[in-house]
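Results of the structural survey
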Amino acid sequence: MTNEDMKKMAIKASVFAVLAIGLMVHRSATKHIMITDAAEAHIDRGNADDSYSLLIDRNVPAGKENTLIIPLSKSVSSDDIVLEDRYIDNELLIYIDSREEGFYLDNPVRTDLDILEKAVCIKENDTGSVCLDFTLDGLYVNESSLTDSSTIEVRFSRPKDKYDHIAVVDPACGGSDTGYFSEELSEKDINLDVALALREETAKKPESGIRIYYTRLGDTDVSPEQRQKLLKDSGADLYVELTCNMAPDRTDGITSYYNDRFFIRGFNNAAFANLVEKSCLAASGADAGGVKPAGPEAEMIMDCRIPAVRLDMGNLQGSGDKRRLSEDDYKKKMAEGLYQALLQAFEEME
């Protein structure tokens with residue numbers, strides 16, 4: 001074999017190795033299933049013709065105890081699956097583009113879990129796309145994987161068993177409750193924009209170890225009872241309510257309100273409110289409204305037994321705030337300031 005032939009063989013071997021590695025990486029990537037928070041999701045459960053209860057087989061293989069095992073048709077890959085964690089209603093939604101109509105009429109879900117209250121298959125179209133809607137008996141963290149045997153495996157744990165630090169962020173208003181409204185500005189939209197910016201900010205730093213639950217991630221109605229339930233079931237260490245005001249005196253400024261009714265040892269309500277105020281001011285460059293005891297209208301924080309703050313992000317009639325609250329950059333800076341405040345708060349609590 002000549003030197004030229006040896007060179008050609010070496011090049012071919014290198015190309016084959018690169019392709020093989022690429023294939024392995026691709027296959028590894030297909031094990032990942034997209035998981036999103038879906039506090040804003042609305043699911044149409046349809047009627048008897050396009051939704052039905054899933055079959056459940058309680059006989060699970062050895063080593064798969066306490067696992068939800070969902071079969072998939074052979075045509076399904078990870079690109080065809082999206083999981084949505086609708087924790088506000090204790091629901092796990094799994095969208096599957098299976099292209100095999102009626103698959104779940106004959107293929108049961110397998111699990112020995114007692115936490116399932118309801119399991120429904122909702123037809124999305126006539127070609128096999130479905131939404132599997134699992135209603136749980138409480139709030140759980142789910143971890144999902146796609147196996148080589150064409151199944152989705154989901155394991156559940158309580159938030160406190162998974163995370164060291166938990167916060168609930170509550171964008172006030174939503175749905176039919178617009179909150180304060182001034183020309184093109186709506187309080188419910190501003191509160192939601194900051195919450196979404198905060199979610200985007202935390203997604204950049206998953207190593208922080210903080211889990212934030214949101215009372216809403218869309219323009220939906222959320223009752224006080226649902227907000228209280230999320231706060232309780234999550235085992236949250238901190239609570240932040242996002243609001244705006246519409247003071248007639250047109251005074252600008254960020255104001256942090258705290259509960260002065262309950263005394264909390266160590267890191268208390270006033271300390272948390274002061275930290276949030278300073279951090280959001282530093283990030284946004286807005287005017288300071290101060291740190292103040294909350295009035296009876298702040299029902300959520302007045303019932304909290306954990307450090308809680310009502311963050312009033314500005315006046316919809318204020319000369320400066322009105323402009324700032326309409327700017328995406330300002331709302332992103334507010335979210336950055338709040339995120340840094342949460343990080344510092346958890347450090348001080350330790």
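Residues numbered from 1 in each chain as written. Predicted model: local features only at pLDDT ≥ 70, side-chain atom pairs only at ≥ 80, totals over all residues. Heavy atoms only, no water.

This part is about the overall build of the chain. Looking only at helices and strands, one finds nine helices and 19 strands in the chain. Taken across its 350 residues, the chain has 50% of its residues classed as buried. Within the chain, residue pairs in contact and separated by at least 24 positions form 76% of the contacts whose partners lie at least 6 positions apart. Total accessible area computed for the chain in this model is approximately 17,400 Å², and 50% of it derives from carbon and sulfur atoms. (Helix = DSSP H or I, 4+ residues; strand = E, 2+ residues; numbered from the N terminus. Buried < 20%, exposed > 50% of the residue type's maximum accessible area, 1.4 Å probe, protein only. Contact = heavy atoms within 4.5 Å. Areas by Shrake-Rupley, 256 points an atom, 1.4 Å probe, with all protein chains shown as cover.)

It is worth spelling out the environment of A273 at this point. Among the structural elements, A273 can be located in helix 6 (residues 269–284). Along the primary structure A273 and V309 are separated by 36 residues, whereas in three dimensions their C-alpha atoms are 5.4 Å apart.

The final tally for this structure, using the stated rule, is four aromatic pairs. On the basis of an interplanar angle of 80° and a centroid distance of 4.9 Å, the ring pair of Y87 and Y213 is categorised as edge-to-face. Placement of Y87 in the loop between strand 5 (81–86) and strand 6 (91–97) and of Y213 in strand 15 (residues 210–214) is noted, with a sequence separation of 126 residues between them. Where Y140 meets F156, the ring centres are 6.2 Å apart and the plane angle is 75°; that geometry is what we call edge-to-face. Linking Y140 in the loop between strand 9 (129–136) and strand 10 (141–146) with F156 in strand 11 (residues 151–157), this pair joins segments that are 16 residues apart in sequence. Take Y140 and F156: they sit in the same class, and that class is buried. Taking the ring centre of Y140 as reference, the NZ or CZ of R158 above it sits at 4.2 Å. For R211, the ring lying beneath its charged end belongs to Y213, and the centroid distance is 4.2 Å. (Phe/Tyr/Trp six-rings, centres within 6.5 Å; stacked < 30°, edge-to-face > 60°. Lys NZ or Arg CZ within 6 Å of the ring centre and 35° of its normal.)

Okay, the sheet that holds strand 15 next. Pairing in this open sheet of six strands is mixed, and the strands run 15-12-16-19-17-18 from one edge to the other. Only two strands of the sheet have a single partner each, and these edge strands are strand 15 and strand 18 (288–293). Strand after strand, the sheet turns through a mean of 20° between neighbouring axes, direction not considered. Here four bridges tie strand 17 (residues 254–258) to strand 19 (residues 308–315), and the two strands are oriented antiparallel to one another. Following the sheet pairing, T255 is matched in strand 19 by D312. Lying over the sheet, helix 4 (residues 187–203) contacts strand 12 (165–171), strand 15, strand 16 (238–245) and strand 19, oriented at roughly 140° with respect to strand 16. On top of the sheet, helix 5 (residues 224–234) reaches strand 12, strand 15 and strand 16; it is set at about 170° to strand 12, its chief contact. (Pairing = 2+ DSSP bridges. Axes fitted to C-alpha atoms, helices over the stretch in contact; angles between N-to-C directions.)

Applying the stated criterion across every chain, the model contains 22 salt bridges. A salt bridge links K229 to D233; its shortest N-O distance comes to 2.6 Å. Taken together, the positions of K229 and D233, both in helix 5 and four residues apart, correspond to about one turn of that helix. Close ionic contact of E241 with R310 constitutes a salt bridge, the shortest N to O distance being 3.6 Å. Linking E241 in strand 16 with R310 in strand 19, this pair joins segments that are 69 residues apart in sequence. (Salt bridge = Lys/Arg side-chain N within 4 Å of Asp/Glu carboxyl O.)

Moving on, we get to the pairing of strand 19. By the criterion of burial, strand 19 is predominantly enclosed, with eight of the eight residues buried. The sheet contact formed by strand 16 and strand 19 spans six bridges and is parallel. The residue bridging T243 from the neighbouring strand is D312, located in strand 19.

Moving on, we get to the side chain of T111. Mapped onto the secondary structure, T111 falls in the loop between strand 7 (109–110) and strand 8 (116–123). Within the structure, T111 has its side chain in polar contact with the backbone nitrogen of L113 (distance 3.1 Å). Excluding its chain neighbours within four sequence positions, the residues that come into contact with T111 are I56, D57, R58, V60, T67, L68 and L116. (Polar contact = N/O pair within 3.5 Å; in protein donor to acceptor, adjacent residues only side chain to side chain.)

On to a negative patch on the surface, then. Taken together, D164, E347, E348 and E350 make up a surface patch of like negative charges. Mapped onto the fold, E348 is located in helix 9 (residues 328–349). (Patch = residues over 30% accessible without salt bridge, like charges linked within 9 Å, V, L, I, M, F, W, Y side chains within 5 Å. Lys, Arg positive; Asp, Glu negative; His and termini not counted. Charge placed at Lys NZ, Arg CZ, Asp CG, Glu CD.)

Another point: the packing of helix 4 against helix 9. Relative to each other, helix 4 and helix 9 sit at 55°, their axes nearing to 8 Å. In terms of axis orientation, helix 4 runs oblique to helix 9. Helix 9 is crossed by helix 4, and the crossing has right-handed handedness. Here I190, D193, V194, A197, L198, E201 and T202 of helix 4 come into contact with helix 9, specifically with K331, K332, M334, A335, E336, L338 and Y339. In terms of residue class, the contact of helix 4 with helix 9 is made up of eight nonpolar, one polar and five charged. (Parallel < 35°, antiparallel > 145°, perpendicular 65-115°, else oblique. Left-handed = near helix turned anticlockwise from the far one by under 90°. Nonpolar A, V, L, I, M, F, W, Y, C, P; charged D, E, K, R; others polar.)

All quantities given are derived from atomic positions and should not be read as evidence of function.
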